[in-house]
Amino acid sequence: MANYQWYPGHMTKARRMIEEDMRLVDVVIEVLDARIPYASRNPDIDRLSQGKGRVVILNKADLAERSATEAWIRYFGEKSIPAVALDARKSGVSSSLSPAIREASASVREKLRRRGMKERPMRILIAGIPNVGKSTLINSFAGKAIAKTGNKPGVTKGKQWIRISKEAELLDTPGLLWPRFEDPAVGEHLAMIGAMSDDVVDTETLAVTVLGLLAERRGSVLRGRYAIAEAQSDAEASSPADNGPGRIDPDEAFAAIAKARGCLRKGGEADTEKAAAILIDEFRKGVFGPLTIEYPPKEDTAELSGEKAETERQSGQRK
Ligand code: G4P
């Protein structure tokens, strides 16, 4: 399921289900999209997973810039949440994750020991907003699973667990989380990567946003791919350090894309709507190379006002 539209009924159900799941587990693996770790994060996750071991996965790391992903790993590390960059479709997921899971479950194990309880496998929930790769991740785990365990009387009625090691077992259905709704930039970023229903976003508006990002960050590749001519004034404004001239005229760009891809309406007119859809699709597939949309906040140049405020609040508390 690539897209999802959140109605109040969905929200209530998702909240109830995640709260139920949380009661069953020791560790929560929160899956984020490495291109937009802020927008793909659930706003209530800290409260929902209180008292649990936490791991963050920066999934689809193959589509994000490595240095940015490393910066995000440090960012979460500073919050004492082990974070791991991953391509969930690849093998070796389990071994990449086990140190983080062990780290996250240390305090839970310690609590069990202090209560004089027997060592038991840590129970893990994979959670995240739609389309971040939760099911793919579970399948990768299940591929190497030692055994699938059935219902456990009294503890996990109706739930299936996948034994992934001697120390850990995974709930076989992911927890569905919702994104932030109040921040328009979040909606835009979710739409860009296709984590939101395409019915609720206007394709051409979205394509202009994608075009703007690509013009700024992958100008030469963009122009080369679709044979978009350089606008005179832009060419003059460009500097050698640039990735290509910054501004591209959307009308000209979509006409060029339509021409390059043979998208013509009856009568030979360029089908710019189809061109817009092609641009979005290719961007989502990563044909312009790894591209991170959101960077972790820095002291002075926070790109994400919400995170910046959060960071400042936290540093305020530390003082
Ligand atoms: P979900 O359960 O969180 O909703 O996500 P799911 O596993 O269904 O994955 C959504 C899409 O993302 C799938 O593409 C999947 O193959 C892809 N995906 C998952 N992990 C990674 C990753 O690490 N890197 C890349 N590049 N892609 C990943 P799909 O089958 O094409 O589905 P759709 O997008 O057409 O719905």
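Okay, so let's go over this structure. Per chain, residues are indexed from 1 in the order of the written sequence. Thresholds applied to this predicted model are a pLDDT of at least 70 for local features of residues and 80 or more for the giving and counting of side-chain atom pairs; totals over whole chains, interfaces and linings are not thresholded and use all residues. Where side-chain values are given, they derive from all heavy atoms of the structure, hydrogens and water being excluded.

1. Regarding empty space enclosed by the protein
Inclusion rule: Definitions used throughout: a 1 Å grid over protein atoms alone; a cavity as a set of points that fits a 1.4 Å probe which cannot get out; a pocket as an open set with protein on both sides within 12 Å along at least five of seven lines; a lining residue as one with an atom within 4 Å of a point. Grid points are joined across faces, edges and corners, and a volume is the space filled by probe spheres set on the points. Throughout, the ten residues Ala, Val, Leu, Ile, Met, Phe, Trp, Tyr, Cys and Pro are labelled nonpolar, Asp, Glu, Lys and Arg are labelled charged, and all others, Gly among them, are labelled polar.
By the definition in use, this model includes two cavities of 30 Å³ or more. Here the largest cavity is characterised by a volume of approximately 50 Å³. Contributing to the lining of the largest cavity are Arg-35, Leu-63, Phe-283, Gly-286, Phe-288, Gly-289 and Leu-291. Split into classes, the residues belonging to the lining of the largest cavity amount to four nonpolar, two polar and one charged.

2. Thoughts on unusual backbone geometry
Which entries qualify depends on this criterion: Only DSSP runs of H or I with at least four residues qualify as helices, and only runs of E with at least two residues qualify as strands; both kinds are numbered from the N terminus onward. Any residue under 20% of the maximum accessible area for its type is buried, any over 50% is exposed, and the rest in between are partly exposed; the area is computed with a 1.4 Å probe on protein chains only.
A positive phi angle, close to 60°, is found at Ser-80, a residue other than glycine. You can see Ser-80 is positioned in the loop between α3 (66-78) and β3 (83-85). Residue class for Ser-80 comes out exposed when judged on its relative accessible area of 62%. Of note in the backbone geometry, Ala-227 takes a positive phi value of approximately 50° without being a glycine. Locating Ala-227 in the fold gives a position in the loop between α8 (219-226) and α9 (232-237). Of the residues examined, Ala-227 reaches a relative accessible area of 61% and is grouped as exposed.

3. Side note on α8
Since there are 3.6 residues in each turn of an α-helix, residues three or four apart along the chain are aligned in direction. To keep things clear, this is the line we draw: To be clear, the arc concerns the directions from the helix axis to the C-beta atoms.
Restricting attention to buried positions, one finds in α8 the residues Gly-219, Leu-222, Arg-223 and Tyr-226. One side of α8 holds all its buried residues, which, seen down the axis, span an arc of 95°. Phi turns positive one or two residues past the end of α8, at Ala-227, with a value near 50°.

4. Section: the pattern of salt bridges
Just so we agree on the cut-off: Think of a salt bridge as a Lys or Arg side-chain nitrogen and an Asp or Glu carboxyl oxygen that are within 4 Å of each other.
Taken as a whole and assessed by the stated rule, the structure comprises 24 salt bridges. Across the salt bridge formed by Glu-110 and Arg-114, the nearest N and O atoms sit 3.5 Å from each other. Taken together, the residues Glu-110 and Arg-114, both in helix α4 (residues 93-114) and four residues apart, mark about one turn of the helix. By sharing partners, the salt bridges in this structure join Arg-109, Glu-110, Arg-113, Arg-114 and Glu-119 into a single network.

5. Quick notes on helix α5 (residues 134-143)
All of the buried residues in α5 are Lys-134, Leu-137, Ile-138 and Phe-141. Along the long axis of α5, the arc covered by the buried residues comes to 100°, so they all point the same way. Facing away from the buried side of α5 by more than 90 degrees, the exposed set consists of Asn-139 and Gly-143.

6. What to know about the environment of Arg-217
Put simply, the rule is: Think of a polar contact as two N or O atoms within 3.5 Å of one another; within protein, one of them needs to be a possible hydrogen donor and the other a possible acceptor, and neighboring residues in sequence only count if both atoms come from side chains.
Note that Arg-217 resides in helix α7 (residues 203-217). C-alpha separation for the pair Arg-217 and Phe-288, spaced 71 residues apart in sequence, amounts to 9.7 Å. Separated by 2.6 Å, the side chains of Arg-217 and Glu-65 make a polar contact. One polar contact links the side chain of Arg-217 to the main-chain carbonyl oxygen of Thr-292, over a distance of 2.9 Å.

7. What to know about the packing of aromatic side chains
Test applied: Here the aromatic set is Phe, Tyr and Trp, taking the six-membered ring for Trp, and pairing holds for ring centres within 6.5 Å; pairs whose planes are under 30 degrees apart are stacked, those over 60 apart are edge-to-face, and all others are tilted. Charge over a ring is defined by NZ of Lys or CZ of Arg lying within 6 Å of the ring centre and within 35 degrees of the ring normal.
Applying the stated criterion across every chain yields a total of four aromatic pairs. Between Trp-72 and Tyr-75, the ring centres sit 5.2 Å apart and the planes meet at 85°, which makes this aromatic pair edge-to-face. In this pair, Trp-72 and Tyr-75 are both assigned in helix α3, three residues apart and thus about one turn of the helix distant. For Tyr-75, a relative accessible area of 7% gives the class buried. Through a chain of ring-to-ring contacts, three or more aromatic side chains come together here, namely Trp-72, Tyr-75 and Phe-76. Over the face of the ring belonging to Phe-288 we find Arg-225, whose NZ or CZ atom lies 6.0 Å from the ring centre.

8. Examining the site of the ligand
Rules: The nearness test applies per residue and asks whether one of its heavy atoms lies within 4 Å of the molecule or strand. Values of accessible area rely on a 1.4 Å probe in the Shrake-Rupley scheme; residue burial ignores everything except the protein chains shown.
Around the ligand sit 17 residues in total, of which Asp-62, Asn-131, Lys-134, Ser-135 and Thr-136 are the nearest. One of the backbone nitrogen or oxygen atoms of Val-132 is found 3.2 Å away from an oxygen atom of the ligand. The side chain of Thr-136 places a nitrogen or oxygen atom 2.5 Å from an oxygen atom of the ligand. Its free accessible area being 710 Å², the ligand has 68% of it covered by the protein chains. When residues of the shell around the ligand are assigned to their parent elements, the largest contribution, three residues, is made by α5. In terms of residue class, the shell around the ligand is built from seven nonpolar, five polar and five charged.

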